[in-house]
Amino acid sequence: NGVTLFLFLGDLITDGYRGNDIIRLIKKLNGITIKGNREEYINNYQTMNEEYNLRINRKSLGYNSLSKETLEYIKNLEEKRLININGKKILMIHKIEDYDKLINANDFEICLYGHTHIPKIFKYKNKLFVNPGSLGMTYNNYFNYIILEFSDEVLCNITNKKLKLTSKSSFVGL
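Report on the accompanying structure. (Residues numbered from 1 in each chain as written. Predicted model: local features only at pLDDT ≥ 70, side-chain atom pairs only at ≥ 80, totals over all residues. Heavy atoms only, no water.)

1. Some remarks on the overall build of the chain
Then, number 1: On a plain count of helices and strands, the chain comes out with five helices and nine strands.
Then, number 2: Reading the chain from its N terminus to its C terminus gives the helix and strand order β-α-β-α-α-α-β-β-α-β-β-β-β-β.
Then, number 3: Every one of the 174 residues in the chain was classed for burial, and the buried ones make up 39%.
Then, number 4: For the chain, long-range pairs separated by at least 24 residues make up 46% of all intrachain contacts whose partners lie at least 6 apart in sequence. (Helix = DSSP H or I, 4+ residues; strand = E, 2+ residues; numbered from the N terminus. Buried < 20%, exposed > 50% of the residue type's maximum accessible area, 1.4 Å probe, protein only. Contact = heavy atoms within 4.5 Å.)

What follows is the structure, given as structure tokens:
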């Protein structure tokens, strides 16, 4: 599709499925990546008690299957990034708890966020908010992503890929 830069908004590794392969693919794409709550769980795994780990279903995150390289990569991810693309200030953040506080604390025109895995594009207080959905977890049986196009105006559309499951389905490389 002519994509020149990939942006990843956290929750890179979900439910323990081929975590090392996913991180290798993300690194190969050489995009900009931030951490989500799933990566935070991985980072805190060793220091949390057993009750906490069971409560967040840590075993399903596949911690024990992750390589040292993957764990180091996840450890070094930032919680948010402010980037500039074609003169547009873009804030990358995983989870938004209060839109007004976020706007007051950060200088941006576009906010890209994740966490809910539900695709959404809307304006609030003259800021554009974009949640691309997820390529790792489906929403209404679709994988979703957004391609931002920059010209005089920023154009973005949600792209849906229908989920097709077979006994040999692989989510890596979609």
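2. Here's the deal with the packing of aromatic side chains
Then, number 1: Applying the stated criterion to the full structure yields six aromatic pairs.
Then, number 2: The ring of F108 carries the charged tip of K127 above its face, separated from the ring centre by 5.1 Å. (Phe/Tyr/Trp six-rings, centres within 6.5 Å; stacked < 30°, edge-to-face > 60°. Lys NZ or Arg CZ within 6 Å of the ring centre and 35° of its normal.)

3. Section: the pattern of salt bridges
Then, number 1: Within the structure shown, the criterion is met by seven salt bridges.
Then, number 2: Across the pair E40 and K35 runs a salt bridge whose closest N-O atoms are separated by 2.9 Å.
Then, number 3: On the basis of relative accessible area, E40 is assigned to the partly exposed category, the value being 27%.
Then, number 4: Salt-bridge contacts for D100 lead to K125; the nearest nitrogen and oxygen are separated by 2.8 Å. Here D100, found in helix α5 (residues 99-105), pairs with K125, found in the loop between β6 (120-124) and β7 (127-131); they are 25 residues apart in sequence, far enough to count as distant.
Then, number 5: Using a relative accessible area of 30% as the deciding quantity, one classes D100 as partly exposed. (Salt bridge = Lys/Arg side-chain N within 4 Å of Asp/Glu carboxyl O.)

4. A few points about helix α1 (residues 19-29)
For the α-helix, the turn length of 3.6 residues means that residues three or four positions removed from each other point alike.
Then, number 1: Along α1, the residues that are buried comprise G19, N20, I22, I23 and I26. One face of α1 carries all of its buried residues, which in axial projection span an arc of 160°. Those residues of α1 that are exposed and aimed more than 90 degrees away from the buried face are R24 and K28.
Then, number 2: Looking at the buried side of α1, the elements it contacts are β1 (7-8), β2 (32-33) and α4 (68-75).
Then, number 3: Immediately downstream of α1, the backbone of N30 shows phi near 55°, a positive value. (Arc of directions from axis to C-beta.)

5. Quick notes on the environment of I103
Then, number 1: Locating I103 in the fold gives a position in helix α5.
Then, number 2: What makes I103 buried here is its relative accessible area of 15%.
Then, number 3: Spatially, the C-alpha atom of I103 lies 8.3 Å from that of K127, the residues being 24 residues apart in sequence.
Then, number 4: Those residues in contact with I103 that lie beyond four places of it in its chain are F108, Y124, K125, K127 and F129.

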